[in-house]
Amino acid sequence: MTATTAGTGPVFHLEEEHAHAEGGSTMLGFWLYLMSDCLIFAMLFAAYGVLGGNYAAGPAPKDLFDLDLVAVNTAMLLFSSITYGFAMLTMDKGRVAATQAWLAVTGLFGLAFLSIELYEFAHMIHEGATPQRSAFLSSFFTLVGTHGLHVTFGTVWLVTLMVQVARFGLIEANRRRLMCLSMFWHFLDVVWIGVFTFVYLMGMLR
Amino acid sequence: MSAHDHAEGHGLGGAAHGSFRGYLTGFVLSVILTAIPFWLVMTGAIDDKQATAIVIMAFAVVQIVVHMVFFLHMNTTSEGGWSMLALIFTLILVVIVLTGSLWVMYHLNANMMPGLHDMREMP
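Residues numbered from 1 in each chain as written. Chains lettered and ligands numbered in written order. Predicted model: local features only at pLDDT ≥ 70, side-chain atom pairs only at ≥ 80, totals over all residues. Heavy atoms only, no water.

1. Re the overall build of chain A
Okay, so step 1: Regarding its fold elements, chain A presents 6 helices and 0 strands.
Okay, so step 2: Helices and strands in chain A line up, N terminus first, as α-α-α-α-α-α.
Okay, so step 3: Against the globule reference of 17 Å for 206 residues, chain A gives a C-alpha radius of gyration of 23 Å, more extended than a compact globule.
Okay, so step 4: Dimensions along the principal axes, computed over C-alpha positions, put chain A at roughly 90 × 45 × 25 Å.
Okay, so step 5: Put simply, chain A has 206 residues, and 52% of those count as buried.
Okay, so step 6: Restricting the contact set of chain A to residue pairs at least 6 apart, pairs at least 24 apart contribute 78%.
Okay, so step 7: Just so you have it, chain A exposes about 9300 Å², and 67% of that area is on carbon and sulfur atoms.
Okay, so step 8: Here chain A holds 9 positive side-chain charges and 14 negative ones, and the gap between their average locations is 6 Å. (Helix = DSSP H or I, 4+ residues; strand = E, 2+ residues; numbered from the N terminus. Rg over C-alpha atoms; globule rule 2.2 N^0.38 Å. Buried < 20%, exposed > 50% of the residue type's maximum accessible area, 1.4 Å probe, protein only. Contact = heavy atoms within 4.5 Å. Areas by Shrake-Rupley, 256 points an atom, 1.4 Å probe, with all protein chains shown as cover. Lys, Arg positive; Asp, Glu negative; His and termini not counted. Charge placed at Lys NZ, Arg CZ, Asp CG, Glu CD.)

Structure follows, in structure tokens:
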């Protein structure tokens, strides 16, 4: 505050003059959340990097991983990223039905990814490669499972937002929520790049 | 993109959206950058495993940058530069955590094992 003594008396000016619209700082806040999430994944990657070679005379990556399956999985996540991008573009144009359609396609790709991952986990556990078997498998299931859990919650969030858009249309608040989920979804794809490179591809090279 | 930001005003925090062209470019680049590492490992095109590992890591780094630019629309001006600052800070922490953990634990593994072995051979 500044006070001027000249004239009739002190005049006070509030320093914060322009009002911020509701949700104006949401995107930055959500980005900060994603960065903290990134640190969680960094810890899990570090744990896998340290423990990933300790098989305890159990199965090694070469005995367990099926690269064809991982490639299909990667494709599913990549397709879901581009379809979410299309959903954002149609959202910008204000086309509710098209946005909903693209969101639905994204959700289906997300579900396909989760199904393939669950199939892979079930197959590994069936072969006796459970998280308890070795340090390698513990860290593997923690890292890949945490990513899968994120995708699961992302899909739940996606369905929630589809209901919101169906009820209230593409209002300002819904646009903001969809943009947050967009960042979340693309961020998960970025983490998956690390997973398929560091865990699956490097695992096959061991 | 800056004109678009002005149109949106403060309402959406000035976060940039992509264009159809941008998303498509990112997607095509991602497909290429994913396919090559998978092909390298599946066919064993490079004989040396360590060289393959370095090459696929490089592809991953490039693909992460592609995703950041084309899908997450990272640039130095969004949110007044604060998102880029947060990203750089996070990356520094990630590098410290990853290299620190791997480096320390590798040396623990490498140095402790012979020690145990020597102890067993002591009279």
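Moving on from the model shown.
2. Section: the environment of A:Val50
Okay, so step 1: Tracing the sequence through the fold places A:Val50 in helix H1 (residues 26–51).
Okay, so step 2: With 89 residues separating them along the chain, A:Val50 and A:Ser139 place their C-alpha atoms 9.1 Å apart.
Okay, so step 3: Among all residues touching A:Val50, those that are not within four sequence positions of it are B:Ser101, B:Leu102 and B:Met105.

3. Description of the nonpolar core
Okay, so step 1: Grouped together as the largest cluster of nonpolar side chains are 77 residues, with contacts concentrated most on A:Trp31, A:Phe65, A:Phe140, A:Leu178, A:Trp192 and A:Tyr200.
Okay, so step 2: Among the elements of the structure, H1, helix H3 (67–92), helix H4 (96–126), helix H5 (135–168) and helix H6 (172–205) of chain A together with helix H2 (20–43), helix H3 (49–70) and helix H4 (82–121) of chain B are those that each provide at least two residues to this core.
Okay, so step 3: The biggest single contributor to this core is H6(A), with 22 residues. (Core = buried A, V, L, I, M, F, W, Y, C linked by side-chain atoms within 4.5 Å.)

4. Examining the packing of aromatic side chains
Residues and elements named next belong to chain A.
Okay, so step 1: Counted under the stated rule, the structure contains 24 aromatic pairs over all chains.
Okay, so step 2: For the pair Trp192 and Tyr200, a centre-to-centre distance of 6.1 Å together with 50° between the ring planes defines the contact as tilted.
Okay, so step 3: Residue classification places Trp192 among the buried positions, given a relative accessible area of 1%.
Okay, so step 4: Given a relative accessible area of 1%, Tyr200 falls into the buried group. (Phe/Tyr/Trp six-rings, centres within 6.5 Å; stacked < 30°, edge-to-face > 60°.)

5. Observations regarding a nonpolar patch on the surface
Residues and elements named next belong to chain B.
Okay, so step 1: On the surface, Phe20, Leu24, Val28, Ile32, Ile36 and Trp39 cluster together to form a nonpolar patch covering roughly 550 Å² of accessible area.
Okay, so step 2: Here Val28 is to be found in helix H2.
Okay, so step 3: Judged by relative accessible area, which is 44%, Val28 ranks as partly exposed. (Patch = residues over 30% accessible without salt bridge, like charges linked within 9 Å, V, L, I, M, F, W, Y side chains within 5 Å. Salt bridge = Lys/Arg side-chain N within 4 Å of Asp/Glu carboxyl O.)

6. Structural notes on H6(A)
Residues and elements named next belong to chain A.
Okay, so step 1: The end-to-end C-alpha distance of H6 is 49 Å, a good match for the 50 Å that 34 residues give at a rise of 1.5 Å each.
Okay, so step 2: Most pronounced at Phe196, the bend in H6 amounts to some 25°.
Okay, so step 3: Of all 34 residues in H6, 32 are buried, a share of seventy percent or more. (Expected span 1.5 Å × (residues − 1). Bend = angle between axes of the 7 residues up to and from the residue.)

7. Observations concerning the packing of H5(A) against H6(A)
Residues and elements named next belong to chain A.
Okay, so step 1: Between H5 and H6, whose axes approach to 10 Å, the crossing angle comes to 160°. By the angle between their directions, the pair H5 and H6 is classed as roughly antiparallel. Between H5 and H6 the crossing geometry is left-handed.
Okay, so step 2: Looking at the contact of H5 with H6 residue by residue, the class counts come to 20 nonpolar, 6 polar and 1 charged. (Axes fitted to C-alpha atoms, helices over the stretch in contact; angles between N-to-C directions. Parallel < 35°, antiparallel > 145°, perpendicular 65-115°, else oblique. Left-handed = near helix turned anticlockwise from the far one by under 90°. Nonpolar A, V, L, I, M, F, W, Y, C, P; charged D, E, K, R; others polar.)

8. Here we look at unusual backbone geometry
Okay, so step 1: Unusually for a residue other than glycine, A:Ala57 sits at a positive phi of about 60°.
Okay, so step 2: On the secondary structure map, A:Ala57 appears in the loop between H1 and helix H2 (61–64).
Okay, so step 3: Of note in this structure, B:Glu79 is not a glycine but carries a positive phi near 55°.
Okay, so step 4: Among the secondary structure elements, B:Glu79 is positioned in the loop between H3 and H4.
Okay, so step 5: Residue classification places B:Glu79 among the buried residues on the basis of a relative accessible area of 17%.

9. What about H3(A)?
Residue and element names in this part refer to chain A.
Okay, so step 1: Along its 26 residues, H3 runs 38 Å from first to last C-alpha, staying within 8% of the 38 Å computed at 1.5 Å per residue.
Okay, so step 2: Of all 26 residues in H3, 19 are buried, a share of seventy percent or more.
Okay, so step 3: One or two positions beyond H3, positive phi appears at Gly94, with a value near 75°.

10. Some remarks on the interface of chain B and chain A
Okay, so step 1: Taken residue by residue, the interface counts 45 residues in chain B and 52 residues in chain A.
Okay, so step 2: Carbon and sulfur atoms make up 82% of the area that chain B and chain A hide from each other, which totals about 4300 Å².
Okay, so step 3: Our enumeration of links across chain B and chain A arrives at 0 salt bridges.
Okay, so step 4: At the boundary of chain B and chain A, one finds 2 residue pairs in polar contact (both at pLDDT 80 or more).
Okay, so step 5: Every element with two or more residues in the side of chain B that touches chain A is listed here: H2, H3 and H4 of chain B.
Okay, so step 6: For the side of chain B that touches chain A, the element with the highest residue contribution is H4(B), accounting for 12 residues. (Buried area = accessible area lost by both parts, 1.4 Å probe. Polar contact = N/O pair within 3.5 Å; in protein donor to acceptor, adjacent residues only side chain to side chain.)

11. What about the confidence of the model for chain A?
If pLDDT is low for a region, its predicted coordinates should not be looked at in detail.
Okay, so step 1: Across chain A, the average pLDDT comes to 92, with 93% of residues at or above 70.
Okay, so step 2: No element of chain A has a lower mean pLDDT than H2(A), at 92, and none a higher one than H5(A), at 97. (pLDDT = per-residue confidence, 0-100.)

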